[in-house]
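# Structural overview for review
This is what each chain is made of:
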Amino acid sequence: SPGPTRYLQISIKLLSEFDVAPQLGQLSLQIGETPAANEVIGEMWPIEVDSFEPESFTYVVQPVLDDANSGFDRLEILTHTRADAVHFVVLQGDTLDLNVYPPEIQKDRLIVPFRRLQGIDDSLVRLAVGFDAAVLRYGTRFTGWVFDSDDPDSIRQQVKPGNATFRFSADDLSVRTPISSDLLVDLEVGPNPFTPNEDGHNDILLIDYKLLQVTIDRPVELEIFDLAGRLVGRGLPIQSRSGVGQQSWNGLGLAGSPVPPGTYVYRLSLGSEQGVHVGIVAVAY
């Protein structure tokens, strides 16, 4: 290892399923000659929320820099679900214009640009980002990295939890949520009734949901029953973990033909008693 220690230790956790065994096919390492900073400390607030709705968070980073560091101009924050918005970015007490430095919101992370930090007095450098995001798993860690956008290898340096600001007493990047026995929550079903006549309007039944406390991919299945309890249709199983998901049904029965108009029961399930939701949907033509 080209660093102050002789060895590099890597821990890899492989999670199997009932009928699938994992294997490691390839491992590659990227090593930078010069670190972006001697150290990057971060903390966020709040670190405890009372619901699974989007919450406003402040993420504060304080780097330890000297002239030997390569510097950085990007902060990447793993949000796990798609953030709703970025409200502000404050660097060294100055609020940045988000039109000049537009944050990039991806499906599971934020990438925040700012003017380059390199070889400056580290006691005065703080970066604060305010954003809205939902936390769907207890103890979710908002891991962060800093990097140089001009680096062709995009080597990232991880933000370590610690005391980044006197404003907060968290010293952490993990968020606690309520302990819920339900895994599928906040279902939105529509249109209901829906009209699967292929006219381009209300042809598909969509079921949006939030999946809680699930750390590995599991199939979310949709089954459709008539009022006599017979299985008449189903959606395609979707592999999901904690986050926002969607299932759908096109109104076709198991044989591929449209079901008759009427009232049906849908069952959205995760294969456990905690992961089942049942409701009513109407089909009309």
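Okay, so let's go over this structure. (Residues numbered from 1 in each chain as written. Predicted model: local features only at pLDDT ≥ 70, side-chain atom pairs only at ≥ 80, totals over all residues. Heavy atoms only, no water.)

Further remarks concern the pairing of strand 8 (residues 127-133). Among the seven residues in strand 8, seven count as buried, and that is most of the element. By the alternation rule, side chains of strand 8 split into L127, V129, F131 and A133 and A128, G130 and D132, which are all buried. As defined by bridge partners, strand 2 (residues 55-64) adjoins strand 8 across seven bridges and the pair is classed as antiparallel. When the bridges of strand 8 are listed, T58 appears paired with G130. (Buried < 20%, exposed > 50% of the residue type's maximum accessible area, 1.4 Å probe, protein only. Helix = DSSP H or I, 4+ residues; strand = E, 2+ residues; numbered from the N terminus. Pairing = 2+ DSSP bridges.)

What follows is about the side chain of D132. In this structure, D132 sits in strand 8. The side chain of D132 sits in the buried core without any salt bridge; K210 is the nearest counter-charge, 12 Å away. A polar side-chain atom of D132 sits 2.6 Å from a polar atom in the side chain of S56. Engagement of the side chain of D132 in a polar contact is seen with the side chain of H87, the distance being 2.8 Å. (Lys, Arg positive; Asp, Glu negative; His and termini not counted. Salt bridge = Lys/Arg side-chain N within 4 Å of Asp/Glu carboxyl O. Polar contact = N/O pair within 3.5 Å; in protein donor to acceptor, adjacent residues only side chain to side chain.)

As a further point, take the sheet that holds strand 5 (residues 94-95). Taken in spatial order, the six strands make up an open sheet running 5-4-8-2-1-12, and their pairing is mixed. Edge strands, defined here as strands with exactly one partner in the open sheet, are strand 5 and strand 12 (160-161). Alignment of strand 4 (residues 85-91) against strand 8, held across six bridges, turns out to be antiparallel. Paired with V86 across the bridge in strand 8 is F131.

This paragraph deals with the nonpolar core. The biggest cluster of nonpolar side chains holds 32 residues, and the ones touching the most others in it are Y59, L75, F114, V129 and F131. Contact partners of F131, with chain neighbours within four places excluded, come to M44, E55, S56, F57, Y59, I77, T79, A85, V86, H87, L110 and F142. Y209, L222, W249 and L270 belong to the second largest nonpolar core, which has 21 residues in total. (Core = buried A, V, L, I, M, F, W, Y, C linked by side-chain atoms within 4.5 Å. Contact = heavy atoms within 4.5 Å.)

Here the focus is the packing of aromatic side chains. For any pair of aromatic rings, the description consists of the separation of the ring centres together with the inter-plane angle of the planes. A complete count under the given rule lists seven aromatic pairs for this structure. With a centroid separation of 6.1 Å and 40° between ring planes, the pair formed by F131 and F142 is classed as tilted. Taken together, the residues span a long stretch of sequence, with F131 in strand 8 and F142 in the loop between strand 9 (140-141) and strand 10 (144-147) at a distance of eleven residues. Residues F131 and F142 agree in their burial class; the two are buried. Here a set of aromatic residues connected by ring pairs shows up, and it is made of F57, F131 and F142. The ring of F147 has R156 sitting right over it, with the charged end atom 3.9 Å from the ring centre. (Phe/Tyr/Trp six-rings, centres within 6.5 Å; stacked < 30°, edge-to-face > 60°. Lys NZ or Arg CZ within 6 Å of the ring centre and 35° of its normal.)

Here we come to the sheet that holds strand 7 (residues 109-117). In space, the five strands of this open sheet follow the order 6-7-3-10-11, with antiparallel pairing throughout. Two strands in the sheet have a free side with no partner beyond their single neighbour: strand 6 (104-105) and strand 11 (157-158). Here strand 10 pairs with strand 11 via two bridges, running antiparallel. Within strand 11, the residue paired with V146 across the bridge is Q157.

Before going further, it helps to examine the pairing of strand 16 (residues 218-225). Of the strand pairs in this sheet, strand 16 and strand 18 (residues 238-240) are connected by three bridges, and their pairing is antiparallel. In the sheet register, P219 faces strand 18, and the bridge partner there is Q239. The sheet contact formed by strand 16 and strand 20 (residues 262-269) spans five bridges and is antiparallel. Along strand 20, the bridge assignment pairs E221 with S269. Judged from the three bridges that link them, strand 16 and strand 17 (residues 231-234) form a sheet pairing that is antiparallel. Across the sheet, residue F225 finds its bridge partner in strand 17, namely L231. Adjacent in sequence and paired antiparallel, strand 16 and strand 17 are bridged by five residues, among which G229 carries a positive phi angle near 90°.

The next thing to look at is unusual backbone geometry. Note that the residue after G190, namely P191, is joined by a cis bond; omega there is -5°. With respect to the secondary-structure elements, P191 resides in the loop between strand 14 (184-190) and strand 15 (205-211). Of note, the amide linkage connecting N192 to P193 takes the cis form, showing an omega dihedral of 5°. Take P193: it is sitting in the loop between strand 14 and strand 15. With a phi close to 50°, Q92 is a non-glycine residue in the positive phi region. Topologically, Q92 is positioned in the loop between strand 4 and strand 5. Positive phi, close to 55°, is recorded for D171, a residue that is not glycine.

What is shown is where atoms sit, not what they do.
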